[in-house]
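Results of the structural survey
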Amino acid sequence: MSLALSCTLVHPQVFQDPTWPYGTERRESAMSKTLYVGNLPWSTTEEELKEAFASSAEVLGVRIITDRETGRSKGFGFVEVEDSSLEGAIDAMNGYSLDGRNLVVNEARPRATRD
């Protein structure tokens, strides 16, 4: 029986973070927080979401979750912001009307593990 191990080198500023939605790649920042954003209009793009949050926080990353089969938005996403602007972003954006829908914004919880 042979045991093979592999090692992948990753640039030190880029990593796979299991707390960032779906383990997608993002930039490393020691002082950042992730916000959950719900009740998004299905037509919202990541760029539009980034622009909406830019007035209340320094946005480091944006991800809208989509259905794997259809590619259609599931109506929620995540915005990564600087730690220092977390509370201000939640206060400013929770209840904010985007294309006629009131956003639900709170600090994201780590993704639950599946059994």
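Residues numbered from 1 in each chain as written. Predicted model: local features only at pLDDT ≥ 70, side-chain atom pairs only at ≥ 80, totals over all residues. Heavy atoms only, no water.

1. Regarding the side chain of E80
For clarity, the threshold we go by: Segments assigned H or I by DSSP are reported as helices when at least four residues long, segments assigned E as strands when at least two residues long, and all are numbered from the N terminus. Note on exposure labels: buried denotes an accessible area under 20% of the residue type's maximum, exposed denotes more than 50%, and partly exposed covers the range between, all computed with a 1.4 Å probe on protein chains only. Two N or O atoms count as a polar contact when they lie within 3.5 Å, although within protein this holds only if one can serve as hydrogen donor and the other as acceptor, and sequence-adjacent residues are included solely when both atoms are side-chain atoms.
Within the secondary structure, E80 sits in strand β5 (residues 73–82). By relative accessible area, which is 1% here, E80 ends up buried. Within the structure, the side chain of E80 is placed 2.7 Å from the side chain of S32, a separation counted as a polar contact.

2. Structural notes on helix α2 (residues 86–93)
Test applied: It is the directions from the helix axis to the C-beta atoms that the arc portrays. Any two residues having at least one pair of non-hydrogen atoms within 4.5 Å are treated as being in contact.
Here α2 has its buried residues at L86, A89, I90 and M93. The arc that holds every buried residue of α2, seen down its axis, measures 100 degrees, which confines them to one face. Among the exposed residues of α2, those pointing more than 90 degrees away from its buried face are E87 and D91. Looking at the buried positions of α2, the neighbouring elements they touch are β3 (32–38), α1 (46–54), β5 and β8 (104–107). Phi turns positive one or two residues past the end of α2, at G95, with a value near 90 degrees.

3. Thoughts on the pattern of salt bridges
To keep it simple, the criterion reads: Should a side-chain nitrogen of Lys or Arg be within 4 Å of a carboxyl oxygen of Asp or Glu, the pair is scored as a salt bridge.
For the structure shown, the criterion picks out one salt bridge. Residue K33 is joined to E107 by a salt bridge in which the shortest nitrogen-to-oxygen separation is 3.8 Å. Highlighted residues: K33 in strand β3 and E107 in strand β8, separated in sequence by 74 residues.

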